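One letter stands for each residue in the lines below.
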Amino acid sequence: MKINQNQTLFQWLEIHERDNPENVAIQTVDGSISYGELAAKVRRLASGLAKIGIGKGDVVGVQLPNCPEFLITILAVAARGAIFQTLHMPYRSAELLQLLGHSKAKAAIALGAFKDVSPASEITSMTSDLPSLQTVISVGTVVENTQSFEELAAATAKRESIVETSTNDKYLLLYTSGTTASPKGVPHRYAGFLNNALDAAAEFEFDDQERILSLAPFSHLYGLFCLHMALARGCTNAIVQAFDPGTFVSDITTLVPTAVYSAPAHFAPFIANGSLTSDMFSSTKLVCLSGSTVPPSLAKAIDKLLDSGGVIQLWGMSELQAGTYGRLSDPIDRRIGSAGRASPGTELRLVDELGQEQPAGNEGALEIRGPSVFDGYLDNALETDAAFTNDGWFRTGDLAEILPGGYLRLTGRTKEIINRGGVKFNPVDVEAILIDHPAIELCAIIPIPDPILGERGCLCILATPGQSISLDDVKALLREKGIAKYKWPERLETVAAMPLTPTRKIMRAKLASIIT
C-alpha cells in the first residue's frame, strides 16, 4: 500500500514504518527519532490512553509547544479514534476554561512546568468547572492530581488499542484565532486536511528526504500543515520548540532545513540588521511566508538569500488549511506579490456587498469552496449559517483581488474596514508602506470612534529599539507616496508590546482595547 487520498494519520505512519523505518521522522537540535521508533512510541501511548478510557470521538485538549511529544500525541490520539484539540501555549486559565468547556474535552495534556507557570496545574485547578474533563496529563514535571504522560507513554503496546477509523471521521478540533472576534470551534475530518497536505507536498515537489521546519506553532493550522506534509511524504519534521531570535541562526545551521514555513515577522529583524547570509540557506529550496501581510521588500530580500530556491506565500484559515500558495515555478513577481494560486480542487470567487460576483481585477470579498473546507462550527449553527452562502461558498472575511493566471492578492479583512464619514477604506496599503520605515517594527491601523465622522484611523506602532517616529513624519511619508489623504492615520499610539496571536498576527480587537 502506498500513500493515497483514502487514508488516516495512523495509516500514513504504518506505511512509513513498513517502507522507510530508518528515515528520520523528527529532528531536533538534541537528537532524532526514526519512523520505526516513532511508530513504537505512538503505539505505547495509544495503549496508555486506552487504559484511562480515551476512545473514539473523545476530545483530548493538548497544550504543548513544538516538540516530539506533540507529534507522538497527535498520532496516538488519532490511533485511538479520538479528536485532538489544539490549545496555544500562551493561553492561560481564562482561555483554557472557555475552550476546554466548549469542546467538552475528556482529557487534557499539558506541560507540568513551562517558564514561570505550570499549565497542567492551571488546568487541574479548573476541573470543578469542567464537568466533562476526567483526566489531566502532565508532560515532564508531574504535578499533583495529574496523570504522568511518561507513564502512559511507557504502556505495553497492544494491537487492540488501535481503533479503526475512516477518512470521514473527525480527528482535529481547532479554534479560530480571535483576532477580531471570539474564537469558534472548527472540527475537521481526515479527508479534508490530509488530502490538502498531500496535494501540497506534491505541488512543492517534496520527497522523503525533505527537512521541513515550521516556525509557526504546531497548535496552529500553519504548523499543522507542515506536520501533515511531512507525514504525507515520510520526511523529517525539523523541530524547534519555539521561535527564539537568539538561537534562530544556530537553529537553521544545525537543522539544515530544505523548507522553512514562517511568518514575515520571524525574518524581518534579521533582514533589517543584515545578519542572514546565503550560506545559511544553502540547502533551503523554499521559504514560505504567511500569517500576515508580506512586505514586498522583505520577500525580495529573503529570495536573494536562496541561491537554490525561492520565496513563496500562502493563504489559509482554520476553516480550510491551505487555500492558495505559490509554486517555485511561478514568476518571481507572483511569488513575491501574491499568495499564489488555489490548492488542487479549490475554487475562489470575489463578490461585492450585494453578493454579486466580481470580474478579475476588481477587489471583492473572498469566498471559497473545495474539499478541505470544514462542514461548520462546533455547536454554533448561527455562525455556521452566516459563514456560508446559499450555494455553498464559505465567506472568508478577507478582501482580495484575483490577478491574471488565478493568483490571489489579499487586500485586507472585511472587518478591518474603516468607515470615515461614509467613505470606507482598508488600511492595508498604508500599513504596507509604513512597515518598511526603519523606525517601525510592527504596525496596524485600527478604527477609533469619532463623534463627527463615526470612525478615524489610529496608527499603532511597536517602535524599533532606539528609534521613534511622529504622526507628522507618517503624514509626510504618505504624502510622498501619493496616498489619498482620507487614508492617513489621524492619531498615533506607540505600544510597549504588540498583542499577537501565536503565529504573530496582530490582534486588532485587543489592540483597540489597549489604546482606547
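Overview of the structure. (Residues numbered from 1 in each chain as written. Predicted model: local features only at pLDDT ≥ 70, side-chain atom pairs only at ≥ 80, totals over all residues. Heavy atoms only, no water.)

**As for the pattern of salt bridges**
Taken as a whole, this structure holds 23 salt bridges when the rule is applied. For Arg92, the salt bridge identified is with Glu122, shortest N-O distance 2.7 Å. Placement of the pair is Arg92 in the loop between strand 4 (83-86) and helix 4 (93-103) and Glu122 in helix 5 (residues 119-124), with a sequence separation of 30 residues. For Arg92, a relative accessible area of 24% puts it in the partly exposed group. Beyond isolated ion pairs, a larger network of salt bridges with shared partners links Glu14, Glu17, Arg43 and Arg159. (Salt bridge = Lys/Arg side-chain N within 4 Å of Asp/Glu carboxyl O. Helix = DSSP H or I, 4+ residues; strand = E, 2+ residues; numbered from the N terminus. Buried < 20%, exposed > 50% of the residue type's maximum accessible area, 1.4 Å probe, protein only.)

**Considerations on the sheet that holds strand 14 (residues 310-317)**
Pairing within the open sheet is mixed, and its nine strands lie in the order 2-1-11-10-12-13-14-15-16. Since the sheet does not close on itself, it has two edges, and those belong to strand 2 (31-34) and strand 16 (341-342), each with one partner. Across the sheet, helix 10 (residues 264-273) is in contact with strand 12 (259-262) and strand 13 (286-289); its angle to strand 12 comes to roughly 105°. (Pairing = 2+ DSSP bridges. Contact = heavy atoms within 4.5 Å. Axes fitted to C-alpha atoms, helices over the stretch in contact; angles between N-to-C directions.)

**Focus: the pairing of strand 4**
Residues Ile83 and Gln85 line one face of strand 4 and the alternating positions Phe84 and Thr86 line the opposite face, and both faces are buried. For the handedness criterion, the β-α-β arrangement of strand 3 (residues 59-63), helix 3 (residues 68-79) and strand 4 is classed as right-handed. Note that strand 4 and strand 8 (residues 170-175) share two bridges and pair parallel. Bridging across to strand 8, Gln85 finds its partner in Leu173. (Right-handed = clockwise from strand over helix to strand, strands pointing away.)

**Topic: the packing of helix 10 against helix 11 (residues 296-305)**
Between helix 10 and helix 11, whose axes approach to 10 Å, the crossing angle comes to 75°. Between helix 10 and helix 11, the interaxial angle falls into the category roughly perpendicular. Contact residues: helix 10 offers Pro264, Phe267, Ala268 and Ile271, while helix 11 offers Leu298, Ala301, Ile302 and Leu305. A class-by-class count of the residues in the contact of helix 10 with helix 11 yields eight nonpolar, no polar and no charged. (Parallel < 35°, antiparallel > 145°, perpendicular 65-115°, else oblique. Nonpolar A, V, L, I, M, F, W, Y, C, P; charged D, E, K, R; others polar.)

**Some thoughts on the environment of Thr258**
Relative to the helices and strands, Thr258 resides in the loop between helix 9 (248-255) and strand 12. The spatial distance from the C-alpha of Thr258 to the C-alpha of Phe206 is 9.4 Å, given a sequence separation of 52 residues. Contacts of Thr258, omitting those with residues within four sequence positions, involve Glu210, Arg211, Ser283, Thr284, Lys285 and Leu286.

**Things to note about the packing of helix 1 (residues 9-19) against helix 8 (residues 221-233)**
Their axes nearest at 8 Å, the elements helix 1 and helix 8 cross at an angle of 45°. What the angle tells us is that helix 1 and helix 8 run oblique. Across from Leu9, Trp12 and His16 in helix 1, the residues of helix 8 making contact are His228, Leu231, Ala232 and Arg233.

**Side note on the nonpolar core**
By size, the foremost hydrophobic cluster in this structure holds 72 residues, and its most contacted members are Leu9, Leu38, Leu75 and Phe394. Ranked by residues supplied to this core, first place goes to helix 3 with nine residues. Setting aside residues up to four positions removed in sequence, Leu9 forms contacts with Ile74, Leu75, Ala78, Tyr171, Tyr190, Leu194, His228 and Leu231. Leu213, Val240, Val260 and Phe270 belong to the second largest nonpolar core, which has 22 residues in total. (Core = buried A, V, L, I, M, F, W, Y, C linked by side-chain atoms within 4.5 Å.)

**Some words on the environment of Ser329**
Among the structural elements, Ser329 can be located in the loop between strand 15 (321-325) and helix 12 (332-337). On a C-alpha basis, the gap between Ser329 and Gly355 in space is 34 Å, while along the polypeptide they are 26 residues apart.

**Re helix 4**
Those residues of helix 4 that sit buried are Leu96, Leu99, Leu100 and Ser103. Down the axis of helix 4, the smallest arc covering the buried residues is 95°, so these residues share one side. Contact partners of the buried residues in helix 4: strand 3, strand 4, strand 5 (107-111), helix 5 and strand 8. Remark: Lys104 follows helix 4 within two positions and exhibits a positive phi of approximately 60°. (Arc of directions from axis to C-beta.)

No statement about biological role is implied by the geometric values presented.
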